[in-house]
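Here is what each chain is made of, one letter per residue.
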Amino acid sequence: MSIIFAILIFSFLIFIHEFGHFIAAKLSGVQVNEFAIFMGPAIWKKQKGETLYSIRCIPIGGYCAMEGEDQDTDNPRSFQKASWWKRLIILIAGSAMNFIAGVLIMIIVFLPVAQFITPTIDVVEEGSLIGGVNGLQPGDTFLEIDGEKIYVQSDFSTMMALNPGDVHDVVVLREGQRVVLNNFEMKKTLFEGEETPRYGFSFSVEDATLGSKLDYAWKNVLNSGRMVRLSLQMLFNGQASFSDLSGPVGIMGQMSEVAEQSETWVDALLNMLYFGGFIAINLAIMNMLPIPALDGGRVLALLVTTLIVKITKKPVNPKIEGYIHAGGMILLLGLMAVIMFKDVFMIFKG
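Since the model is a prediction, treat every value here as computed from it, not as a measurement.

(A) A look at the overall build of the protein chain. Assigned secondary structure in the protein chain consists of eight helices and eight strands. For the protein chain, the proportion of its 350 residues judged to be buried stands at 41%. Put simply, of all contacts in the protein chain between residues at least 6 apart along the chain, 63% involve residues at least 24 apart. Surface exposure of the protein chain reaches about 19,500 Å², of which carbon and sulfur atoms provide 64%.

(B) Quick peek at the environment of L27. Here L27 is to be found in helix α1 (residues 2-27). Placed 63 residues apart in sequence, L27 and I90 show a C-alpha to C-alpha distance of 9.3 Å.

(C) Quick peek at the nonpolar core. Ranked by internal contacts, the top residues of the largest apolar core, which has 20 residues, are L136, F142, F156, M186 and F201. Of the residues forming this core, the biggest block, four residues, is contributed by helix α3 (residues 154-162). Ignoring anything within four residues of it in the chain, the contact list for F156 reads F142, I145, I150, M186, Y199, F201 and F203. If you look at the next biggest cluster of nonpolar residues, it comprises 18 residues, including V32, M66, I90 and L302.

(D) Broad picture of the environment of V309. Note on placement: V309 falls in helix α7 (residues 295-312). When residues no more than four places from it in sequence are discounted, the contact partners of V309 are K314, P315 and V316.

(E) The arrangement of a nonpolar patch on the surface in detail. A surface patch of nonpolar side chains, about 340 Å² in accessible area, is lined by L300, V304, I308, V309 and V316. Tracing the sequence through the fold places V304 in helix α7.

(F) Local environment of the packing of helix α4 (residues 210-237) against helix α6 (residues 265-286). One way to put it is that α4 packs onto α6 with a least axis distance of 9 Å and a crossing angle of 55°. By the angle between their axes, α4 is oblique relative to α6. You can see that α4 and α6 cross each other, and the crossing is right-handed. Where α4 approaches α6, its residues N220, V221, S224, G225, M227 and V228 are matched on the opposing element by Y274, F278, I281, N282, I285 and M286. A class-by-class count of the residues in the contact of α4 with α6 yields eight nonpolar, four polar and no charged.

(G) Molecular detail of the packing of aromatic side chains. Scanning the entire structure with this criterion turns up 19 aromatic pairs. An angle of 80° between the planes, with centres 5.6 Å apart, marks the rings of F156 and Y199 as edge-to-face. Of the two residues, F156 sits in helix α3 while Y199 sits in the loop between β7 (177-185) and β8 (201-207), which places them 43 residues apart along the sequence. Of the residues examined, Y199 reaches a relative accessible area of 15% and is grouped as buried. Every member of this aromatic cluster is reached through a ring pair, and the members are F15, F19, F22, F35 and Y53. Its guanidinium or amino end placed over the ring of F191, R198 lies 4.5 Å from that ring's centre, counting from NZ or CZ.

Here is what the cut-offs are and how they apply
Residues numbered from 1 in each chain as written. Predicted model: local features only at pLDDT ≥ 70, side-chain atom pairs only at ≥ 80, totals over all residues. Heavy atoms only, no water. Helix = DSSP H or I, 4+ residues; strand = E, 2+ residues; numbered from the N terminus. Buried < 20%, exposed > 50% of the residue type's maximum accessible area, 1.4 Å probe, protein only. Contact = heavy atoms within 4.5 Å. Areas by Shrake-Rupley, 256 points an atom, 1.4 Å probe, with all protein chains shown as cover. Core = buried A, V, L, I, M, F, W, Y, C linked by side-chain atoms within 4.5 Å. Patch = residues over 30% accessible without salt bridge, like charges linked within 9 Å, V, L, I, M, F, W, Y side chains within 5 Å. Salt bridge = Lys/Arg side-chain N within 4 Å of Asp/Glu carboxyl O. Axes fitted to C-alpha atoms, helices over the stretch in contact; angles between N-to-C directions. Parallel < 35°, antiparallel > 145°, perpendicular 65-115°, else oblique. Left-handed = near helix turned anticlockwise from the far one by under 90°. Nonpolar A, V, L, I, M, F, W, Y, C, P; charged D, E, K, R; others polar. Phe/Tyr/Trp six-rings, centres within 6.5 Å; stacked < 30°, edge-to-face > 60°. Lys NZ or Arg CZ within 6 Å of the ring centre and 35° of its normal.

Spelled out as structure tokens, the structure:
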């Protein structure tokens, strides 16, 4: 059931993304030739008016094929004939819909929550190496660790894991004032009778109100978006490698594992929904990166070509942009295929 639910979430996110392009194109008067969910040969299709609606057999991606999107045409309702600002709205509408869906999913996930663990220290245990007059104190709320904001309590563990070592730059809120602890030694203590060292403090818990639920949901949206930057940062600085990348197959496997580890079916549902919201926000941001074949690459090309036309008063051949995006799509599909085979191999290996 968890696998089926994961597939449904992916299908919904693909649908809502392409529907964003579709509805923006229709409202802008641009002719849509096909609205497709997934890729490959069609397993279902229906012509309605000028648009062919289809579901295809490879559960990756989807598309909203507009007239004259990557080629010149005399059709007055083609994508290229639309004003530049209408084309811009059409291009960003898919990611906008994913982002909105991610926000709504996060709100749904946190509405049933009765209490939140806050990033505020409740108790510092006697013998902890991080306490004392010059250290952390009860009531301190973590604001930043090593330059990264602390939105929710789980960010503490994330930031400590991203920056291994005992010395960190910490900013806390103490009695309404920002307190900066640069080069602060966050060293764990091996308490008597215990085998695992720990920091020796606990976080406070607060009852959830409607306002705090909405605030917590939004903070998780911001946190999810930040993870895109952190992930790319880790790839470039070598903290993460290609083997750490996951595609739809690997993500569905992770969602299934999360569901199986949940105590109740309600917890499983909420955990998988959270995963879905996280993915929706990641898709919204990743798809706007200025990479050929992605919407962000098309937005960049649109802005550049519009500027060129304004300066030179001559139209830019849309075939050039089409070739660039086609090449980018081939590379992107190739990368997705390699990641998918890697994920399948890891599943069978596990």
